[in-house]
Amino acid sequence: MVTTNIKKMMNMVEHALTAATFAEEGDLETARSLIRESRRVLLALKAGQADPKTLKYALNTARRINANLDILYVATSRAGSQSSDLLLASFKSELRAAGIPFRLIARSGCLKQQIIDYTDSEKEILFAVIESPASLDDDCNKRGKELSELWRQLKCPLVVVMDGARA
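What you are looking at is a predicted structure, and each value in this text was computed from that prediction instead of being measured. (Residues numbered from 1 in each chain as written. Predicted model: local features only at pLDDT ≥ 70, side-chain atom pairs only at ≥ 80, totals over all residues. Heavy atoms only, no water.)

**What to know about the overall build of the protein**
- For the protein, the count of helices and strands is 6 helices and 5 strands.
- N-terminal to C-terminal, the α/β element order of the protein is α-α-β-α-β-α-β-α-β-α-β.
- For the protein, the proportion of its 167 residues judged to be buried stands at 34%.
- A sequence separation of at least 24 residues applies to 81% of the contacts in the protein between residues at least 6 apart. (Helix = DSSP H or I, 4+ residues; strand = E, 2+ residues; numbered from the N terminus. Buried < 20%, exposed > 50% of the residue type's maximum accessible area, 1.4 Å probe, protein only. Contact = heavy atoms within 4.5 Å.)

In structure tokens, the structure reads:
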């Protein structure tokens, strides 16, 4: 465990020094891309249930901390169409206009399990953003682990964006 943390820290230092070298040479765009490359925010969405406030929060946060945005789009089945979600299409256009690099990852099944699986495989995720914990149990194995037990496995902070009236 300690060796892994030391390697991770060494990689971060190496990345920062490389970015600093490019910045000193006047190549600010390359320096920004090197720094941004290792910073990712995960936005987890349930197909057809995207909330404009949550999307805006993810966009503003990625912009503010200079991070890429990973959009985990979880449908109830593989047949779910991501193109049918007009709000998501509009959001992608907004991200492009803001110059925020993003990638869309389409999955199916249980949203909470997909979040855990994705953050386990993508170590650069700073934190995950979700709209509401209410829909997290949809399409999940009811005999499986409780939500709180699964969240203990999450390797990054979880941000829940909720409307004040619902909170």
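Next comes the rest of the account.
**Describing the sheet that holds strand β1 (residues 40–46)**
- Pairing is parallel across the open sheet formed by 5 strands, whose spatial order is β3-β2-β1-β4-β5. Of all the strands in the sheet, just β3 (102–108) and β5 (158–160) have a single pairing partner and so form its edges. Across the sheet, the mean angle separating the axes of adjacent strands is 25° when strand polarity is ignored.
- Examined bridge by bridge, β1 and strand β2 (residues 68–75) share 7 bridges and lie parallel to one another. When the bridges of β2 are listed, Leu42 appears paired with Asp70.
- Strands β1, β2, β4 (125–130) and β5 of the sheet are contacted by helix α3 (residues 52–65), whose axis makes an angle of about 160° with β4.
- Helix α5 (residues 111–121) rests against β1, β2, β3 and β4 of the sheet, and its axis sits at about 160° to β1. (Pairing = 2+ DSSP bridges. Axes fitted to C-alpha atoms, helices over the stretch in contact; angles between N-to-C directions.)

**Some details on the environment of Asn60**
- Along the chain, Asn60 falls in helix α3.
- A relative accessible area of 28% means that Asn60 is categorised as partly exposed.
- Residues Asn60 and Ile100, 40 residues apart in the sequence, show an inter-C-alpha distance of 9.8 Å.

**Focus: unusual backbone geometry**
- Despite not being glycine, Asn66 shows a phi value in the positive range, around 60°.
- Tracing the sequence through the fold places Asn66 in the loop between α3 and β2.
- Under the relative-accessibility criterion, Asn66 is labelled partly exposed at 22%.

**A word on the pattern of salt bridges**
- One pass over the structure, following the stated rule, counts 4 salt bridges.
- With a shortest N-O distance of 3.5 Å, Lys56 and Glu94 are connected by a salt bridge. Separated by 38 residues along the polypeptide, Lys56 in helix α3 and Glu94 in helix α4 (residues 86–98) bring together distant segments of the chain.
- Exposure remark for Lys56: the relative accessible area of 41% places this residue in the partly exposed category.
- Put simply, Asp70 and Arg103 hold a salt bridge, and the shortest N to O gap is 3.0 Å. (Salt bridge = Lys/Arg side-chain N within 4 Å of Asp/Glu carboxyl O.)

**Describing the nonpolar core**
- Grouped together as the largest cluster of nonpolar side chains are 19 residues, with contacts concentrated most on Leu43, Leu45, Leu69, Ile71, Phe91 and Leu95.
- When contributions to this core are tallied by element, the ones reaching two or more residues are β1, α3, β2, α4 and β4.
- Ranked by residue count, the leading element in this core is α3, at 4 residues.
- In this view, Leu43 contacts Thr54, Leu55, Ala58, Leu69, Asp70, Ile71, Leu72, Phe91 and Val129; residues no more than four positions away in its chain are not counted. (Core = buried A, V, L, I, M, F, W, Y, C linked by side-chain atoms within 4.5 Å.)

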